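Structural overview
Okay, here's what each chain looks like letter by letter:
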Amino acid sequence: MNNKKPITYPKNPTWCPGCGNYGIWGAIKQAAIKSQIPTEKIVITYDVGCSGNMADYNNFYGFHALHGRAIPPATGIKLANHDLTPIVIIGDGGCYGEGGTHFINEMRGNHDITVLVHNNHRYSLTTGQMSPTTKKGTKTKSTPQGSIEEAFNPMAIAVSNHATFIAREFAGDIPSLANRIAQAMTHPGFAVIDILQPCVVFNPEQSYDWYRQNMVKLEDEKHDSTNKEAAWKQAMRTDKLPIGLFYQDKNSVPYHSQVAEIKDKPLVDKPIESVDISKLVKNFQ
Ligand SMILES: Cc1ncc(C[n+]2csc(CCOP(=O)(O)OP(=O)(O)O)c2C)c(N)n1
Ligand code: SF4
C-alpha cells in the first residue's frame, strides 16, 4: 500500500443516515494526509461496535480486535515496530467499560499510540444500552427507570493518570477534528481524543444541535494546554463541554524510547541469528 492507492474501499458504510461516525471517518482520512505519514506506516486497530465497523471501509493496514481489546494490539504493534503509527478506533463502551483497564494502564506507560474514542454515550451496536459515559438518571433500554451510576469522566482519568496528549473534539466539526487527529498522530506518546459522536438512533437527545449548544471551545477561553492544573479544572467542569486540547506534555518520552533493547532500532529490524531459544524449548519437552 502506498500514497497513490485509495485509503478507503469503494463500499458504502452501513451506519445509519446522520450518524456521527461519518464525520469521524472523514476526519481520519483527512488527518492521514495532513500528518504526512505514509499510509503504509499507519496501522489501525478496531474495537467491536458501530465505531469498529469502520474496519470494513478503510484500506489501511489493520486489525479487528475483540470488544474492549483494541488498545493492547496497538501497543504490541508499536513495540514490535516503532516505525509504525498505530491508531485505535473504539467506542466509549469498549474503551471505558470492557477495555477500561487497558486504557488506564497503557496511558501510564506513555505508549506511543493514538486512541480515538467514538463517545456516543451508549452501547450502540447492541441497540442502545447505557454505557460508562451515560449521564446518571438516563432512561435507556437497559435502564428503563433511569441509570443509577455516575458517569465515567474520561478527561479527568486521562489528566490524573499521566496521558501526555488529551483532547476532546466533536464529530460534527470535521476540520477541527482532522487537525487534532493529525496532531495526536505526530505526538510522541499516548494520545487520547474523546470524540463527541451523535448516535441519532439510540441517543437522539444528544443531537448535533444539543452538542453545539452545550460545547465551549478551549481556545476561546485562553486555556493553557501545557498547564495540567488548568486541564484538571476543565475536565471537572459540569456547566459546559470543553472542546479542544486539554493538555499536551511537550517533553513527552514514549515507552519504546525508554527500552534499551529497542530504542535505537525497531525490534523487527534486529538480527535473530544470535537468539538462542533452545533452553526455552527444553522447558516444554
Ligand atoms: C466482551 C464482550 N462484551 C459484550 C459484547 C457485545 N457487544 C458487541 S458490540 C457492543 C456494543 C459496543 O458499544 P461501544 O463499544 O460503545 O461501541 P459503539 O457500538 O457505540 O460504537 C457489545 C456490548 C462483546 N462482543 N464482547
Ligand atoms: S446505531 Fe447509532 S452509532 Fe450505530 S450506526 Fe446508527 S446512529 Fe451510528
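First things first, this report covers the structure right here in the doc. (Residues numbered from 1 in each chain as written. Chains lettered and ligands numbered in written order. Predicted model: local features only at pLDDT ≥ 70, side-chain atom pairs only at ≥ 80, totals over all residues. Heavy atoms only, no water.)

1. Brief notes about the site of ligand 1
Going by this rule: Any residue with a heavy atom positioned within 4 Å of a molecule or strand is treated as near that molecule or strand. Distance and chemistry together define a polar contact, namely a pair of N or O atoms within 3.5 Å, with one atom able to donate a hydrogen and the other to accept it when in protein, and with adjacent residues in sequence counting only for side-chain atoms on both sides. Values of accessible area rely on a 1.4 Å probe in the Shrake-Rupley scheme; residue burial ignores everything except the protein chains shown. What counts as a helix is a DSSP run of H or I of at least four residues, what counts as a strand is a run of E of at least two, and both are numbered from the N terminus. We call Asp, Glu, Lys and Arg charged. Ala, Val, Leu, Ile, Met, Phe, Trp, Tyr, Cys and Pro are nonpolar, and the rest, Gly among them, are polar.
As a matter of local geometry, ligand 1 sits amid 16 residues, with Cys-50, Ser-51, His-67, Gly-93 and Gly-94 nearest to it. In this structure, an oxygen atom belonging to ligand 1 sits 2.9 Å away from a main-chain N or O atom of Gly-93. One of the backbone N or O atoms of Gly-94 is found 2.8 Å from an oxygen atom in ligand 1. Its free accessible area being 590 Å², ligand 1 has 73% of it covered by the protein chains. Listing elements by their share of the shell around ligand 1, those giving two or more residues are helix 3 (92-98) and strand 5 (122-123). The element best represented in the shell around ligand 1 is helix 3, accounting for four residues. Taken together, the residues that form the shell around ligand 1 break down as four nonpolar, nine polar and three charged.

2. Quick word on the packing of helix 2 (residues 71-80) against helix 4 (residues 100-108)
So the rule is basically this: The angle between two axes is taken between their N-to-C directions and runs from 0 to 180 degrees, where each axis is a line fitted to C-alpha atoms and a helix contributes only its stretch in contact. Angles are sorted into four bins: roughly parallel if under 35 degrees, roughly antiparallel if over 145, roughly perpendicular if 65 to 115, and oblique for all others. Two residues form a contact once any of their heavy atoms are found within 4.5 Å.
Contact geometry for helix 2 and helix 4: axes closest at 9 Å, N-to-C directions at 30°. Here helix 2 is positioned roughly parallel relative to helix 4, judged by the angle of their axes. Between helix 2, through Ile-71, Pro-72 and Thr-75, and helix 4, the contact on the second element is made entirely by His-102, Phe-103 and Glu-106. When the residues that make up the contact of helix 2 with helix 4 are grouped by side-chain class, the tally is three nonpolar, two polar and one charged.

3. A short note on the pairing of strand 4 (residues 114-119)
This is how it is decided: With a 1.4 Å probe rolled over the protein chains alone, any residue whose accessible area is under 20% of its type maximum counts as buried; one over 50% counts as exposed, and the rest are partly exposed. Following DSSP output, two strands are said to pair if at least two bridges run between them.
Counted residue by residue, strand 4 has six buried out of six residues, so it is predominantly covered. A two-sided burial pattern is seen for strand 4, the buried positions comprising Thr-114, Leu-116 and His-118 on one face and Val-115, Val-117 and Asn-119 on the other. Across six bridges, the pairing between strand 4 and strand 8 (residues 191-196) is parallel. Across the sheet, residue Val-117 finds its bridge partner in strand 8, namely Asp-194.

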